[in-house]
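Fold and contact review
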Amino acid sequence: VAAVLEQAGHHVGTIDSLTCCDGHECHSMADVELTQTAIARYLGQMLANGVTHVVVEVSSRGLSESLLAGIVLDGVCITHIGRDHVDWHGSLENYRQAKRRILDHLHADGVAILNADCQPSMRTLAELNQPALTFGLKQPCEISAELVERYINEQTFVLTAGDESAGVRTAMIGDHHLSNCLAATALGLAYGVELPTIARGLEAVEVLPGRL
């Protein structure tokens, strides 16, 4: 998402489980406890550094602990609701409800991005009052991709949104990465970024630290 927005000319900051990039430099989050106070401090530093857009990764546990208290989001993406953290939440429905809490922070005119291949995520669609976009590889949706070639070190796919298409070649492989590219595409489109620019942003990402 950050690469797509940067390709469109925006000055982007990020906060995730690995790093915090404040628009000037990146700091490791390996030994940092992400709290409401810490997020406020990082956002303040980003504002001082001229950042115009911020991409924040928030876990279901963080949402349960009100990590985003006081923050309003322009766009929200729920990538997947599996069984990874069910033990902590007690049940799949509790897990879904915890993730759904991010929608409480969505601006009235904000856009929700949902994974059409994830049934628990799509249950949220019927509960929304805001605009929404869906992405997926298997189920009917608004933003999709067709794999062309996949090798051990790269894959090529055709990205489609409505009646527009663009070819994309990425150094990262796997259906999970395709799905993430579609999520980033949906958010890019929600911000008015054109599809060819989105494709260049996706291609600019050569590696995600800690991820295949």
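What comes next is a walk through the structure. None of the values given here were measured: they were computed from a predicted structure.

Notes on unusual backbone geometry
Positive phi is not limited to glycine here, since S66 has a value of about 60°. Residue placement: S66 occurs in the loop between α3 (60-64) and β5 (73-78). With a relative accessible area of 29%, S66 lands in the partly exposed category.

Looking at the sheet that holds strand β4 (residues 53-56)
Whether parallel or antiparallel, the strands of a sheet pair through hydrogen bonds between backbone atoms. If you trace the four strands from one edge of the open sheet to the other, you get β3-β2-β1-β4, paired in mixed fashion. Looking along the sheet, the strands with just one partner apiece sit at the ends: β3 (26-28) and β4. Each strand axis lies, on average, 20° off the axis of its neighbour in the sheet, ignoring direction. As judged from the two bridges shared by strand β1 (residues 12-15) and strand β2 (residues 19-21), these two strands associate in the antiparallel manner. Pairing of T14 across the sheet is with C21, part of β2. Sheet strands touched by helix α2 (residues 36-48): β1, β2 and β4. Its angle to β1, the strand with the most contacts, is close to 165°.

Remarks on the state of the cysteines
For the structure on display, the rule yields one disulfide. What pairs with C21 in a disulfide is C26, and their sulfur atoms sit 2.0 Å apart. The disulfide joining C21 to C26 has a torsion of about 105° about its S-S bond and is therefore right-handed. What makes C26 exposed here is its relative accessible area of 52%. C20 takes part in no disulfide bond, and the closest cysteine sulfur, belonging to C21, lies 6.8 Å away.

Focus on the side chain of R100
Within the secondary structure layout, R100 lies in helix α5 (residues 92-100). The residues touching R100, leaving out its near neighbours within four places in the chain, are T124 and E127.

Overview of the sheet that holds strand β10 (residues 164-170)
Spatially, six strands are ordered β5-β6-β7-β8-β9-β10 in an open sheet, and the strand pairing comes out mixed. With one partner strand each, in any of the chains shown, β5 and β10 form the two edges of the open sheet. Taken over all neighbouring pairs, the strand axes of this sheet differ in orientation by 20° on average, direction set aside. By the bridge criterion, two bridges tie strand β7 (residues 132-136) to strand β8 (residues 143-150) in an arrangement that is parallel. Its bridge partner lying in β8, F135 is registered against I143. Across the face of the sheet, helix α7 (residues 175-190) comes into contact with β5, β6 (106-115), β7, β8, β9 (155-161) and β10 while running at roughly 140° to β8.

Here's the deal with the pattern of salt bridges
By the definition in use, this model includes four salt bridges. Notably, a salt bridge pairs E127 with R100, separated by 2.4 Å at the nearest N-O pair. Residue E127 is found in the loop between α6 (119-122) and β7, and its partner R100 is found in helix α5; the two are separated by 27 residues along the sequence. Two residues, E154 and R169, come together in a salt bridge whose shortest N-O distance is 2.7 Å. Separated by 15 residues along the polypeptide, E154 in the loop between β8 and β9 and R169 in strand β10 bring together distant segments of the chain. Taking relative accessible area as the criterion, E154 reaches 17% and is therefore assigned buried.

Side note on the environment of R200
For R200, the position within the fold is in helix α8 (residues 195-204). Judged by relative accessible area, R200 falls into the partly exposed class, the value being 41%. Considered as a pair, R200 and S121 are 79 residues apart in the sequence and their alpha carbons are 28 Å apart.

Focus on the side chain of T185
Along the chain, T185 turns up in helix α7. We classify T185 as buried; its relative accessible area is 0%. In this view, T185 contacts I143, L159, L195, I198 and L202; residues no more than four positions away in its chain are not counted.

Procedures and definitions
- What you see as residue numbers is a count from 1 along each chain, following the sequence as written.
- Under the rules for a predicted model, residues below a pLDDT of 70 receive no local features and side-chain atom pairs below 80 are neither given nor counted, while totals for whole chains, interfaces and linings still include all residues.
- As a rule here, side-chain values come from all non-hydrogen atoms in the structure, and water together with hydrogens is ignored.
- Put simply, DSSP H or I for four residues or longer makes a helix, DSSP E for two residues or longer makes a strand, and each gets a number counted from the N terminus.
- Each residue gets one of three labels from its accessible area relative to the maximum for its type: buried under 20%, exposed over 50%, partly exposed in between, using a 1.4 Å probe on protein chains only.
- Here, a strand pair is defined by DSSP locating no fewer than two bridges between the strands.
- Fitted lines through C-alpha atoms serve as axes, helices being fitted only where they are in contact, and the angles separating the N-to-C directions of these axes extend from 0 to 180 degrees.
- Contact between two residues is taken to exist if any of their heavy atoms lie within 4.5 Å; hydrogens are not considered.
- Cysteine sulfur atoms that pair up within 2.5 Å are treated as a disulfide.
- Salt bridge, as applied in this entry: a Lys or Arg side-chain nitrogen positioned within 4 Å of an Asp or Glu carboxyl oxygen.

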